[in-house]
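# Summary of structural features
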Amino acid sequence: MKKVKFFIIFLLLILPIQSLKSEIIVMSACDDKQDEFLKNEYILNLNELIMVRNYVYKEKTYQKYRLTDLSVKKSNSYVRNIYEENGKILTHKHGYPQFYTQILFEKGKQEVYMKTVLNDEEGISKISTCEKVEKFDSES
């Protein structure tokens, strides 16, 4: 019983003192080789290990995709889990074990890449360049 009380007191005293650091990278005003956007941004939260992409299509691009897919929205947002590996930030694999894609970021760089893997053959292509990259470190 004394051990439990000690443990609870320890948690109540020590945990509030510890500070949590988080790193958030916001990449905005990103162009695209294929599509035109009014807004295209990536928000990488390295503490929670998530990427949020927010985008708004220009009317021409929106109409192009709307012709073949009625579920396309003019503005959208999606969230992907991310992880760090060798100084690079990758989204989790999307697809099958033999063929998958990932979005790839390098810390401190403005480019966004698409990593494609087919039967262990890897290809990387640049999909976007962001005009503005901001890094936020916060303590709580």
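For the structure, check the block above.
Anyway, here's the lowdown on the structure attached to this text. None of the values given here were measured: they were computed from a predicted structure. (Residues numbered from 1 in each chain as written. Predicted model: local features only at pLDDT ≥ 70, side-chain atom pairs only at ≥ 80, totals over all residues. Heavy atoms only, no water.)

### With respect to the state of the cysteines
Condition: Any pair of cysteine sulfurs within 2.5 Å is marked as a disulfide. The secondary structure listing takes helices from DSSP runs of H or I that are at least 4 residues long and strands from runs of E that are at least 2 residues long, numbered from the N terminus. When a residue's accessible area, from a 1.4 Å probe over protein chains only, is under 20% of the maximum for its type it is buried; when over 50% it is exposed; and in between it is partly exposed.
Scanning the entire structure with this criterion turns up one disulfide. A sulfur-sulfur distance of 2.0 Å marks the disulfide that ties cysteine 30 to cysteine 130. Classification of the bridge connecting cysteine 30 and cysteine 130 rests on its S-S torsion, roughly 95°, and on that basis the disulfide is right-handed. With a gap of 100 residues between them, cysteine 30 in strand S1 (residues 21-30) and cysteine 130 in strand S9 (residues 121-139) connect regions that are remote in the sequence. Both residues of the pair, cysteine 30 and cysteine 130, belong to the buried class.

### A closer look at the pairing of strand S3 (residues 50-57)
For clarity, the threshold we go by: Two strands are counted as paired when DSSP detects at least two bridges linking them.
Of all eight residues in S3, six are buried; the element is thus mostly enclosed. Where strand S2 (residues 37-45) and S3 come together, eight bridges link them in antiparallel fashion. The residue of S3 that forms the bridge with lysine 39 is valine 56. The turn joining S2 and S3, which pair antiparallel and follow one another in sequence, is formed by four residues; a positive phi near 55° is taken by leucine 49.

### Considering unusual backbone geometry
In the Ramachandran plot, asparagine 86 falls in the positive-phi region, its phi being about 55° despite a non-glycine side chain. Residue position: asparagine 86 is located in the loop between strand S4 (75-85) and strand S5 (88-91). With relative accessibility at 74%, the residue asparagine 86 sits in the exposed group. Here aspartate 120, not a glycine, exhibits a phi torsion of approximately 65°, which is positive. Mapped onto the secondary structure, aspartate 120 falls in the loop between strand S8 (111-118) and S9. Exposure remark for aspartate 120: the relative accessible area of 76% places this residue in the exposed category.

### Section: the environment of leucine 104
Here leucine 104 shows up in strand S7 (residues 99-106). Spatially, the C-alpha atom of leucine 104 lies 9.2 Å from that of lysine 126, the residues being 22 residues apart in sequence.

### Examining the packing of aromatic side chains
To keep things clear, this is the line we draw: For Phe, Tyr and Trp, where Trp contributes only its six-membered ring, two rings pair if their centres lie within 6.5 Å, and the inter-plane angle classes them as stacked under 30 degrees, edge-to-face over 60, or tilted in between.
Across all of its chains, the model carries six aromatic pairs by this definition. Here the aromatic rings of phenylalanine 37 and tyrosine 57 are separated by 5.3 Å at their centres, their planes lie at 20°, and the arrangement is stacked. With a gap of 20 residues between them, phenylalanine 37 in strand S2 and tyrosine 57 in strand S3 connect regions that are remote in the sequence. On the accessibility criterion, tyrosine 57 (11% relative accessible area) is buried. Seen from their ring centres, tyrosine 42 and phenylalanine 105 are 5.5 Å apart, and the 70° between their planes marks the pair as edge-to-face. On the criterion of sequence distance, the pair formed by tyrosine 42 in strand S2 and phenylalanine 105 in strand S7 is long-range, its members being 63 residues apart. The same class applies to tyrosine 42 as to phenylalanine 105, namely buried. Taken together, the aromatic side chains of Phe37, Tyr55, Tyr57, Tyr65 and Tyr78 make up a single cluster linked through ring pairs.

### Digging into the pattern of salt bridges
Should their charged atoms come close, side chains of opposite charge can pair. As a reminder, the rule being used: The term salt bridge refers to a pairing of a side-chain nitrogen on Lys or Arg with a carboxyl oxygen on Asp or Glu at a separation within 4 Å.
Applying the stated rule across the entire model yields nine salt bridges. Among the salt bridges present, the one from lysine 107 reaches glutamate 84, with a minimum N-O distance of 3.2 Å. In this pair, lysine 107 sits in the loop between S7 and S8 while glutamate 84 sits in strand S4, placing the two residues 23 residues apart along the sequence. A relative accessible area of 42% places glutamate 84 in the partly exposed class. Among the salt bridges present, the one from glutamate 122 reaches lysine 115, with a minimum N-O distance of 3.6 Å.

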